[in-house]
Amino acid sequence: MRRFLNIFNPKENQIIFMEDINPIYHNPFGVAFQWKRSTTRDTGKIQIVFRDTGLLLTHNELEKFQKNIECTMKSNTPCVECHQHDTCRSLLLDTPAPQITLAMNSQELNAVQDLIDGTLFQLNLNTYLDKMCGNKDD
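Residues numbered from 1 in each chain as written. Predicted model: local features only at pLDDT ≥ 70, side-chain atom pairs only at ≥ 80, totals over all residues. Heavy atoms only, no water.

Visitor: It is not clear to me how the pairing of strand E7 (residues 91-94) should be interpreted in this structure. Could you clarify?
Guide: A regular strand places its side chains so that they alternate between the two faces of the sheet. Across the two faces of E7 the burial differs, with Leu91 and Leu93 buried and Leu92 and Asp94 not buried at all. Turn length for the E7-strand E8 (residues 101-104) hairpin, with the two strands adjacent in sequence and antiparallel, is 6 residues. (Buried < 20%, exposed > 50% of the residue type's maximum accessible area, 1.4 Å probe, protein only. Helix = DSSP H or I, 4+ residues; strand = E, 2+ residues; numbered from the N terminus. Pairing = 2+ DSSP bridges.)

Visitor: It is not clear to me how the pairing of strand E4 (residues 30-35) should be interpreted in this structure. Could you clarify?
Guide: Counting buried positions over the 6 residues of E4 gives 5, a clear majority of the element. Pairing analysis gives 6 bridges linking strand E3 (residues 21-27) to E4, with the strands arranged antiparallel. By the bridge assignment for E4, tyrosine 25 is matched with alanine 32. A loop of 2 residues connects E3 with E4, the two strands running antiparallel in sequence. Bridging between E4 and strand E5 (residues 46-50) involves 4 bridges; their strand directions are antiparallel. For valine 31, the partnering residue across the bridge sits in E5 and is valine 49.

This is how it looks when you write it as structure tokens:
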């Protein structure tokens, strides 16, 4: 039986199978992976999928996104006397694409921060281990 990632790609009308990707990191909010092969995708980029959003980013764009998340978290000031602060999507998170901004609540922002931090940690760890073990694939 084929294991599949619970993501449906409507453009290609298919479910994404685990054998098509290299998983990097996941949490209950989303997943990060790299495509193993494809003619239409850059296999060197990292696919981040959460909520109804998919972002295909380079390592540098992931680092920029991480900084954007930190800035949004620092500027997170709840509305005066708001009782729905945790669920209100009043936070605007800039993506590495300057024309795209995501509306999020504080719970989603924390979850996407974990997703990006975990992804960058795993990518950096893999790079370090490859260098220490003498992996010549890079």
